[in-house]
Each structure stands twice: as C-alpha cells, then as structure tokens.
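Residues per chain, in single letters:
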Amino acid sequence: MTFTLSDPTWYPIASSEDLPFRHVYQGQLLGRELAVWRADDGNVNVWENRCLHRGVRLSIGINEGAELKCQYHGWRYANRSAGCTYIPAHPADAPARRIQNRTYPVREAYGLIWSAANDEQPFRPFPGAEDKDWLPLRPMPVNAEPEDVLAALARLDQYADILPGLSIRSGNVIWFVQPVDAGRAVIRGLLADQPAEPLAELRRYNELLTGLRDRLERAATRKPAPAPLQPIFEKVSADLATMPEIAIPRGNTMTVVVKRKWQSADGVIGFELAARQGHLPTFQPGAHIDVHLPNGMTRQYSITNGPGDLMSYVIGVKAESAGKGGSKVLVETVREGDLLAISEPRNNFPLRRDATRTVLIAGGIGITPLLSMARFLDKSSLPYELHYFVRSGEQAAFRDQLEALHGKVIIHQGLPRDEIAATIATSLGEWSMAQHVYVCGPSAMLESVRATAAAQGWPDEAIHFEYFKNDKVIDNSSSFEIELARSAMTLHVPAGKTILEIMREAGLTVPSSCEQGACGTCLTTVIEGEIDHQDVYLNNSEKASNACMMTCVSRAKSARLVLDI
Amino acid sequence: MTITLYDFELSGNCYKLRLLMSILKLRYDIVPVDFFPGRQHKADWFLKLNPFGQLPVLRDGDLTLSDSGAILAYLAKQYDETGLWFPDDPAITAQVLRWHAVGDDITSTASAARLALGFDYDFNIEKAQKSAHRIFRIMDEHLWFGEREGRDWLCSPAHPTTADIACFPYVMLSEEGGISRQDYPALRRWTDRVRRIPGFVVMSGIFPAGRALEQA
C-alpha cells in the first residue's frame with residue numbers, strides 16, 4: 001500500500017486532551033500540516049496549517065477563543081468558517097472577509113479527534129466503538145513507515161484482528177496508526193473501560209510503545225527512506241485576493257431559518273437567523289445583511305454577533321407600530337420557523353483595530369452594529385467605551401449581551417437633549433492621535449456627535465458613522481429623462497427602476513454602497529431639474545438647495561434632470 | 001545597588017535573565033554585547049569579566065556573575081521574597097538543578113543547530129538536531145505524565161521555578177534550528193503556560209500566548 005494525498009479514510013489526528021482551550025495544536029495527516037484548535041464554544045477546527053496571506057504556520061497563532069490571530073501579521077481567521085475577518089493594512093471593507101482557509105472534516109469521538117483528507121466518506125465508528133468508555137493512551141510518534149508500524153503492532157499479539165483504516169484490535173486495546181507522512185506515523189491506542197489504576201496502565205503502555213518505537217526506528221534506518229508526500233497548495237483566486245472596485249451588492253442570496261424571535265426591549269424585536277445547514281459566512285464587525293422580506297422589499301440590518309460566531313446571525317428590528325416599511329412586515333408576519341432569503345454580509349461601517357482608544361456611541365436601535373464592534377474589541381482586549389442612549393431603561397436592547405462585556409459600557413437613560421449633547425462632549429473628550437469614534441443612531445444624534453467631535457478637535461477621518469437605514473417606502477412610480485452632462489448621454493428612467501440601475505445598464509461605472517439612500521456613496525451633483533428626494537442621507541438644507549441627490553433612491557419631479565456625470 | 005546585564009538581544013541565555021528579572025519586577029541596566037557578528041564576547045574587555053567568554057554576565061554591585069543557570073538561582077535567592085522561584089527544599093533544589101542541566105543540554109543541541117543555521121557557526125547540524133529531539137522526547141513524556149498527575153511545570157511544586165525558565169527559550173526557538181515541535185504536544189502546551197506567567201516578556205521569535213480562558 002502506498003499512501004496518497006486523496007486517501008478518504010478517517011484517521012485519529014489528536015487526542016481530545018491535546019486541545020485545551022486557547023491552544024493551537026500542530027498536527028499532520030498524509031503529508032499535510034494541520035492547525036487544530038478548539039474554540040470556546042467547543043467546536044474543533046482542523047485547518048491547513050498555513051496563513052493564506054503570508055504562508056506562515058497558523059499553529060504559531062494565538063487562539064483567542066473565536067478567532068485565530070497570526071502573531072506576526074495580525075490576520076484573523078474565524079472559528080468554523082476559517083474565513084479571514086481582518087487585514088491590518090486594510091481596515092476598510094477589504095476582501096479578506098471572503099478569503100477562507102482550507103478546512104478538513106472533523107469529528108471528536110472516543111477521546112480522539114478524527115479527520116480525513118477529504119469528505120468523500122462519512123465518519124463511521126470503528127466496530128464495537130459505541131458501548132465502551134475509552135481511555136486514550138499516550139500517543140507515540142514514530143519515524144517509520146505507517147505500514148511497518150502497523151505490522152509491528154500486529155506482531156505484539158498473535159490473536160490481534162486487523163481492522164480497516166490502519167487499526168488493530170488486540171484484547172481490550174484498539175491501536176490506530178495515524179499516517180503522518182510516507183515515513184512517519186503516530187500510534188494512538190484506546191483502552192476499553194477505565195482501569196483501576198489508570199496512571200500505572202498509561203505508564204505500562206507507554207513503556208511498551210517506547211520499546212516498539214525504538215525497534216521500528218532502528219529498522220527504518222536500515223532501509224531507504226520513502227519520499228515525503230508532496231501536498232499541493234491551491235492558490236487563492238485573483239477574484240478573492242484582489243480588492244473589489246466598488247461594493248456592488250452581489251445577487252447571491254442564501255436561505256436562513258428564523259430560529260428565534262423575541263422581544264429584546266420595549267420596541268425592539270430580536271431575530272436569530274440560522275443557516276439551514278452548517279454555518280453562515282464570515283463577517284466583519286459593523287457589517288449588515290440585506291433581508292428579503294415576504295412583501296418583496298429588501299431591508300438592511302446590522303449583525304450584532306461577536307467574532308467567529310457564525311451558527312446564526314442575530315439582528316434587532318425596531319418595531320414601529322406606525323411604520324409602513326419593511327420592519328413592520330418582519331415584526332408582524334414573520335414567525336419562528338419561517339424561511340428568509342438574506343444576502344452575504346457587507347460592510348459599510350468598518351472598524352479599525354489599531355486605535356488606542358475607541359468610543360462607540362449608540363442611540364436606540366443604532367446599538368446593533370456597535371454591539372458587534374464592542375464584542376470584537378472585547379475579545380481582542382482592546383480598550384473601548386460604549387455609550388448607549390435610550391429614552392428609558394426598558395428600551396435598552398440586547399442588555400444581557402451588553403452586560404457580558406468587559407469594557408466600559410454605560411447605558412444613558414432618559415436624558416434631555418441638551419444633557420445628551422453634554423454627555424457626548426464629555427465622553428469624547430479632546431482628540432488625540434489614534435482615537436476613533438463610531439456612531440449609529442437617529443440623524444439628530446449623528447449630527448450632534450459630528451459637531452461636538454469636530455469642535456473638540458476630532459478630524460473627519462476619526463469620526464465614523466452609519467445612518468439609520470432608510471425606513472421610508474420608496475416611491476418609484478415616476479418616469480423621467482436624465483441627461484448626463486459630462487457623458488453626453490440621455491437616458492430614460494422608467495417606473496420601477498432607479499437612476500443608478502439605468503446608468504449601470506448604459507455601461508457607466510458609478511459607485512454605490514447601501515443602495516437605500518442612507519450612506520452617501522452615490523451623491524451626485526444636479527445641474528438642472530427638480531429632485532424628488534427620498535433618501536435619509538442629505539439634511540434638509542441640502543435637500544432644499546436642489547443641487548445634489550442620491551441616485552440610488554431619489555427621482556425627479558420634473559420631466560428631466562441634468563446630472564454632472 | 002544597580003544590576004547590569006551584559007546582554008545580546010537574540011541570545012536565549014540572556015533572555016532567561018531578562019525574563020526572570022521582568023517577572024520579579026527588578027530594574028536593571030543593559031550593556032549590549034555584539035555577540036554576532038562582532039564576537040565581542042571574545043574581546044579582551046569581556047574576557048576580563050568572564051574568562052569563559054560566554055554571555056550572559058550579570059553585575060550586581062561589586063558582584064560579577066556568569067552562567068545563566070547560576071545567575072537565575074542567584075536572582076531568585078537574592079530577590080524573590082516568595083521563595084517560589086528557587087525553593088529551599090533540598091529535594092526540590094535537586095530537581096531544579098537537574099533541569100538547569102537539561103537547559104544547558106538544550107543550549108548545546110537546539111541552540112547549536114540555531115547558531116549553525118542562523119549565525120554561520122560551524123557545528124554538526126544533523127547531530128545537534130538529533131540530540132535535541134532526544135531531549136524533547138524525554139521532556140514531552142515528563143510533561144505529559146505531569147499533566148495526568150496534576151503537575152503543570154517541570155519540577156514538582158505547583159508553580160513554575162527557574163527550571164522552567166532555564167529550559168524555555170531554546171525550546172521556543174527550536175524551529176530556527178530546524179527542529180519541529182510537532183511530535184511534542186505536551187511540550188507545546190507547557191510553552192503556552194510559561195508564556196502566560198505574569199510578567200512574561202517577549203524576545204524576537206518568542207511571542208506571548210493568548211489569554212487563558214477565564215473561568216466564569
């Protein structure tokens with residue numbers, strides 16, 4: 001038998017005891033090096049032991065409980081998905097979130113961690129596995145060919161049964177040979193039922209295996225060493241490794257199950273959206289998903305989850321009884337067990353993790369992206385302060401999650417407007433190098449924070465904000481002409497299509513992000529015509545000036561608009 | 001009294017002293033010695049401090065000391081009021097000294113391979129690597145059974161001693177000598193524990209471990 005890289009057999013690759021919390025185990029199977037680690041939620045990850053960005057071993061990384069951080073470069077790979085969530089050089093919406101390390105199938109059973117080179121075969125227990133309380137023996141690495149190791153184990157007991165998958169049953173012990181490489185193996189033994197004196201038994205078997213190893217290694221030096229297996233490392237595709245030009249929403253949706261719906265606070269409904277199978281894609285703190293609603297609308301909601309927490313996304317929805325928009329449908333008609341289509345996570349509100357001080361300011365439902373940011377900073381032991389402004393204590397959503405944080409979290413209740421401003425001013429303090437503030441809340445609060453911060457010396461690039469989602473129902477029933485002054489084009493915008501869509505269809509590259517009139521990316525100068533503003537980005541005086549518009553949602557009241565494009 | 005360490009940043013033996021002095025919160029001055037490529041440890045002025053021509057050298061007032069293991073013992077006995085780092089119990093003293101000797105063995109094997117590969121020293125690399133693997137096998141077995149017996153460190157007290165510091169650096173730097181620690185999972189877990197000792201400091205090639213999981 002020669003070993004191949006494509007051998008689909010499940011082999012034990014570690015003992016459960018080799019994976020204490022916050023440790024990264026270095027293993028190998030069939031020539032491929034593995035980084036094996038247990039996350040704080042108990043999940044065991046078996047990954048190719050190589051950082052996709054720099055090629056260094058991930059087994060030198062720091063296990064932070066939900067992410068593995070490269071000690072040299074700061075890359076972070078998330079539990080379960082192995083998706084990279086952070087590149088220090090690109091704090092913005094970098095493609096890192098799309099890069100995923102290679103993962104291998106994993107099963108923890110009988111005190112051992114099992115894996116295979118691929119998932120062609122399902123994991124099957126070895127014969128007689130189920131009805132015993134197995135004690136794993138001390139593993140014994142041997143520099144000899146796996147078949148020779150198996151043969152030597154077989155010679156220990158003439159009544160031994162050879163089982164499939166390089167294993168042998170000998171009395172009350174089952175031996176497994178882990179093929180590390182063509183010329184290396186690890187002997188892993190399982191003892192059926194706990195002996196009266198486990199330590200003495202463990203020492204006895206360890207002595208037996210040490211003798212066996214020494215004999216095998218002496219014999220191995222007398223024959224030519226086999227060539228090591230040569231794993232092929234797949235390159236990251238250019239599509240994944242390069243920066244996307246603009247964050248055009250991709251059409252891909254996935255189906256999630258509403259696992260839980262609950263009242264998180266007065267006026268805030270929590271939704272837990274779980275994957276139907278496995279985990280959801282990696283996301284960055286501050287990221288949101290587009291939720292496709294039963295009434296055909298699409299709405300954006302921030303993910304509140306902490307790092308590496310990918311079994312479900314938790315979002316918070318404001319239950320405005322008077323609201324006519326998408327949130328009303330979610331709150332009133334979507335039930336637990338329902339299926340929803342959501343987009344992949346996108347991030348227009350990226351968090352910098354190189355700040356010496358981070359101030360997070362939330363108002364009302366604006367807590368959702370900031371909760372996710374606080375959880376990331378918390379896990380990374382980075383200093384931060386979270387100020388959460390609510391009208392009353394009952395309106396503070398996700399209270400349990402906030403209380404579990406270690407940073408400075410203050411819930412400000414029922415402050416009058418001027419006191420809010422004063423509190424914001426005190427919380428921000430004077431700006432100094434490498435301080436950043438993140439704000440999400442009602443527009444009045446955003447304006448207040450921007451003005452206060454600017455007055456206290458905070459430069460624009462240190463103030464990060466995300467407007468509330470545009471909850472207005474967009475009236476797209478009008479039809480009109482647009483003249484693109486610089487491109488010398490006249491285009492017709494019919495009812496049901498946006499200016500942005502029409503320009504893209506005509507072959508123009510125009511930047512956009514949220515596509516709901518909230519983020520300001522598609523801000524365009526208007527030369528002529530009357531604008532039908534439907535965004536929440538522009539303030540009233542900007543709207544009244546009739547000189548600029550958001551092409552993703554706004555339209556024309558006049559028959560013609562001349563745009564400076 | 002001022003403590004002065006004659007130090008080479010990339011020397012694991014010098015790092016042992018920086019590590020213990022950091023743990024014990026001692027203040028000290030550093031005199032850099034250009035071990036490589038300057039070979040200042042063979043210069044006349046240095047040989048007057050230490051005729052053996054080896055780093056590190058530590059001066060504490062009028063006292064001049066050499067040999068990292070000996071200095072570790074001196075610092076612990078002189079400055080560690082808890083008595084934990086070099087315990088007085090005769091049997092434990094013997095254990096600690098045993099592992100100080102292992103620390104020297106690791107220096108003459110794993111560190112020699114590192115010097116040959118990274119510092120152009122003319123040593124038999126293969127022999128050094130093979131001998132290092134022999135020591136690591138013994139350590140891994142000792143530490144694996146230690147974990148089953150409730151012992152996290154090289155010696156029997158329930159806390160680290162200078163023995164752990166004496167053996168730690170060149171285990172951590174072994175990859176620089178082409179010596180993989182893949183076959184020694186218990187040894188790797190022990191290095192995590194050492195890197196979590198309060199007061200731990202880094203050196204090039206030796207990074208901190210992640211925070212231990214805080215038990216609720």
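Every chain is numbered independently, its residues counted from 1 as its sequence is written. For naming, the first written chain is A and the first written ligand is 1, with later ones following in the order written. Local features in this predicted model are restricted to residues whose pLDDT is 70 or higher, and side-chain atom pairs enter the listing and the counts only when it is 80 or higher, whereas totals over whole chains, interfaces and linings include all residues. Side-chain numbers come from the whole structure's heavy atoms, not from hydrogens or water.

A. Inspection of the confidence of the model for chain B at higher detail. Per residue, pLDDT captures the predictor's confidence, and it can take any value from 0 to 100. Per-residue pLDDT for chain B averages 95, and the proportion of residues at 70 or more is 98%. Interface predicted TM-score (ipTM) for the complex: 0.94; the corresponding pTM is 0.82.

B. Summary view of the pattern of salt bridges. All names here are of chain A. Criterion for a salt bridge: a side-chain nitrogen of Lys or Arg within 4 Å of a carboxyl oxygen of Asp or Glu. Within this structure, the stated rule accounts for 42 salt bridges over all chains. Residues R335 and D338 are paired through a salt bridge, measuring 3.4 Å at the closest nitrogen-oxygen approach. Note on classification: 1.4 Å probe, protein chains only; a residue is buried when its accessible area is under 20% of the maximum for its type, exposed when over 50%, partly exposed between these limits. You can call R335 exposed: its relative accessible area is 55%. Between E447 and R450 there is a salt bridge; the shortest N-O distance is 3.5 Å. Taken together, the residues span about one helical turn, with E447 and R450 both in helix 8 (residues 443-455) at a distance of three residues. Look at E447 and you get partly exposed, because its relative accessible area is 34%. A helix here means a DSSP run of H or I that spans at least four residues, while a strand means a run of E at least two residues long, and both kinds are numbered starting from the N terminus.

C. Representation of the sheet that holds strand 17 (residues 253-265) of chain A. Residue and element names in this part refer to chain A. In short, DSSP must find at least two bridges between two strands for them to pair. If you trace the six strands from one edge of the open sheet to the other, you get 20-19-22-17-18-21, paired in antiparallel fashion. Looking along the sheet, the strands with just one partner apiece sit at the ends: strand 20 (298-302) and strand 21 (312-318). Sheet twist, expressed as the average angle between the axes of neighbouring strands with direction ignored, equals 40°. Taken together, the five bridges between strand 19 (residues 288-292) and strand 20 define a ladder with antiparallel strand orientation. Residue pairing in the sheet places I289 in a bridge with Y301 of strand 20. Every axis in this analysis is a line fitted to C-alpha atoms, fitted for helices over the stretch in contact. Angles between the N-to-C directions lie between 0 and 180 degrees.

D. The interface of chain A and chain B, seen in detail. Contacts are assigned to residue pairs that have any heavy atoms within 4.5 Å of one another. Between chain A and chain B, the contact holds 36 residues from the first and 26 residues from the second. By definition, the buried area sums, over both parts, the 1.4 Å-probe accessible area that each loses when the two are put together. Note on chain A versus chain B: buried area summed over both sides is about 2700 Å², and carbon and sulfur give 44% of it. Together, R22, Q26 and R138 of chain A form the three largest contributors to the area buried by chain A at its contact with chain B, with a combined 25%. Counting every contact that joins chain A to chain B gives eight salt bridges. Note that E149 of chain B is salt-bridged to R203 of chain A, the shortest N-O span being 2.5 Å. Polar contact criterion, stated in full: a pair of N or O atoms within 3.5 Å, where within protein one must be able to donate a hydrogen and the other to accept it, and residues adjacent in sequence count only if both atoms are side-chain atoms. If you look at where chain A meets chain B, you find 13 residue pairs in polar contact (both at pLDDT 80 or more). Of all the elements in the fold, those that place two or more residues in the side of chain A that touches chain B are strand 2 (24-29), strand 5 (62-63), helix 2 (198-220) and helix 5 (367-379) of chain A.

E. The arrangement of the sheet that holds strand 3 (residues 32-38) of chain A in detail. All names here are of chain A. Strand order in the open sheet formed by three strands is 2-3-4, and the pairing between neighbours is antiparallel. The two strands at the open ends of the sheet, each matched to only one other strand, are strand 2 and strand 4 (44-48). The sheet shows a mean angle of 30° between the axes of neighbouring strands, taken without regard to direction. Here strand 2 pairs with strand 3 via six bridges, running antiparallel. Note that in strand 3 the partner of Y25 across the bridge is V36.

F. Structural context of helix 6 (residues 162-172) of chain B. Residue and element names in this part refer to chain B. With respect to burial, helix 6 is a largely interior element, 11 of its 11 residues being buried. Every buried residue of helix 6 is listed here: T162, A163, D164, I165, A166, C167, F168, P169, Y170, V171 and M172. As for helix 6, its buried residues are in contact with helix 1 (12-23), helix 3 (68-79), helix 4 (90-118), helix 5 (125-148) and helix 7 (185-195).

G. Just unusual backbone geometry, in detail. Omega for the bond connecting F36 of chain B with P37 of chain B falls within 30 degrees of zero, at 0°, which places this linkage in the cis form. Between L55 of chain B and P56 of chain B the backbone carries a cis peptide bond, its omega angle lying at -5°. Note that P56 of chain B resides in the loop between helix 2 (44-49) and strand 3 (57-60). The phi dihedral of L30 of chain A is positive, around 50°, even though this residue is not glycine. Positive phi, normally seen in glycine, also occurs at S381 of chain A, with a value near 55°.

H. Structural context of the packing of aromatic side chains. Under the pairing criterion, centres of Phe, Tyr and Trp rings, with the six-membered ring standing for Trp, must be within 6.5 Å; the plane angle then separates stacked pairs below 30 degrees from edge-to-face pairs above 60, leaving the rest tilted. Tallied over the entire structure, the rule returns 27 aromatic pairs over all chains. An aromatic cluster of at least three residues, connected via ring pairs, comprises W10, Y110, W114, F123, F126, W134 and F176 of chain A. Above the face of the F145 of chain B ring, R203 of chain A is positioned so that its terminal group lies 4.2 Å from the ring centre. Here, over-ring charges are defined by two tests on the NZ atom of lysine or the CZ atom of arginine: distance to the ring centre within 6 Å, and angle to the ring normal within 35 degrees. Positioned above the aromatic ring of W144 of chain B, the side-chain terminus of R148 of chain B is 3.6 Å from the ring centre.

I. Summary view of the state of the cysteines. Residues and elements named next belong to chain A. Disulfides are defined as cysteine sulfur pairs within 2.5 Å. Using the criterion set out here, one finds zero disulfides over all chains in the structure. The thiol sulfur of C522 is not disulfide-bonded, and the nearest other cysteine sulfur, from C552, lies at 3.7 Å. Accessibility expressed as a relative area gives 7% for C522, which makes it buried.

J. Seen up close, the nonpolar core. In this text, buried Ala, Val, Leu, Ile, Met, Phe, Trp, Tyr and Cys residues form a nonpolar core when linked through side-chain atoms within 4.5 Å. By size, the foremost hydrophobic cluster in this structure holds 97 residues, and its most contacted members are I106, M139 and W190 of chain B. When near neighbours in sequence (up to four residues on either side) are disregarded, I106 of chain B contacts S111, I135, F136, M139, C167, Y170 and V171 of chain B.

K. Inspection of the side chain of E217 of chain A at higher detail. Looking at the element boundaries, E217 of chain A is found in helix 2. According to the relative accessible area criterion, E217 of chain A is buried, its value standing at 16%. Leaving out residues up to four positions away in the same chain, E217 of chain A has contacts with P141, V142 and N143 of chain A together with R137 of chain B.

L. How the structure looks around a positive patch on the surface. Residues qualify for a patch when their relative accessible area is over 30% and they have no salt bridge, like charges being joined within 9 Å and the nonpolar side chains of Val, Leu, Ile, Met, Phe, Trp and Tyr within 5 Å. Each accessible area value is a Shrake-Rupley result obtained with a 1.4 Å probe; residue values ignore everything except the protein chains displayed when judging cover. Charged-residue counts in this description rest on Lys and Arg as positive and Asp and Glu as negative, His and the chain ends being excluded. Charged groups are reduced to one reference atom each: NZ for lysine, CZ for arginine, CG for aspartic acid, CD for glutamic acid. A cluster of basic residues, R155, R215, R218 and R222 of chain A, forms a positive patch on the protein surface. Within the secondary structure layout, R155 of chain A lies in helix 1 (residues 146-155).

M. View of the domain arrangement of chain A. Residues and elements named next belong to chain A. Marked domain ranges trace back to an automatic or database domain assignment. Examined at the domain level, chain A breaks down into domain 1 (11-220), domain 2 (254-342), domain 3 (357-467) and domain 4 (480-563). The centre of domain 1, based on its C-alpha atoms, is set 37 Å off from the matching centre of domain 2. At the junction of the two partners, domain 1 supplies 14 residues and domain 2 supplies nine residues. There are zero salt bridges connecting domain 1 and domain 2. At the junction of domain 1 with domain 2, the criterion picks out two residue pairs in polar contact (both at pLDDT 80 or more).

N. Local environment of the packing of helix 5 of chain B against helix 7 of chain B. Residues and elements named next belong to chain B. Axis separation between helix 5 and helix 7 bottoms out at 7 Å; the angle between their running directions is 70°. In terms of orientation, helix 5 and helix 7 fall into the roughly perpendicular class. Contacts between helix 5 and helix 7 pair F136, M139, D140, L143, W144 and E147 from the former with P185, A186, L187, R189, W190 and R193 from the latter. Classifying every residue of the contact of helix 5 with helix 7 by side-chain character gives eight nonpolar, no polar and four charged. Note on angle classes: values under 35 degrees are labelled roughly parallel, values over 145 roughly antiparallel, values of 65 to 115 roughly perpendicular, and the remainder oblique. Residue classes follow a fixed rule: Ala, Val, Leu, Ile, Met, Phe, Trp, Tyr, Cys and Pro count as nonpolar, while Asp, Glu, Lys and Arg count as charged, and any other residue, Gly among them, counts as polar.

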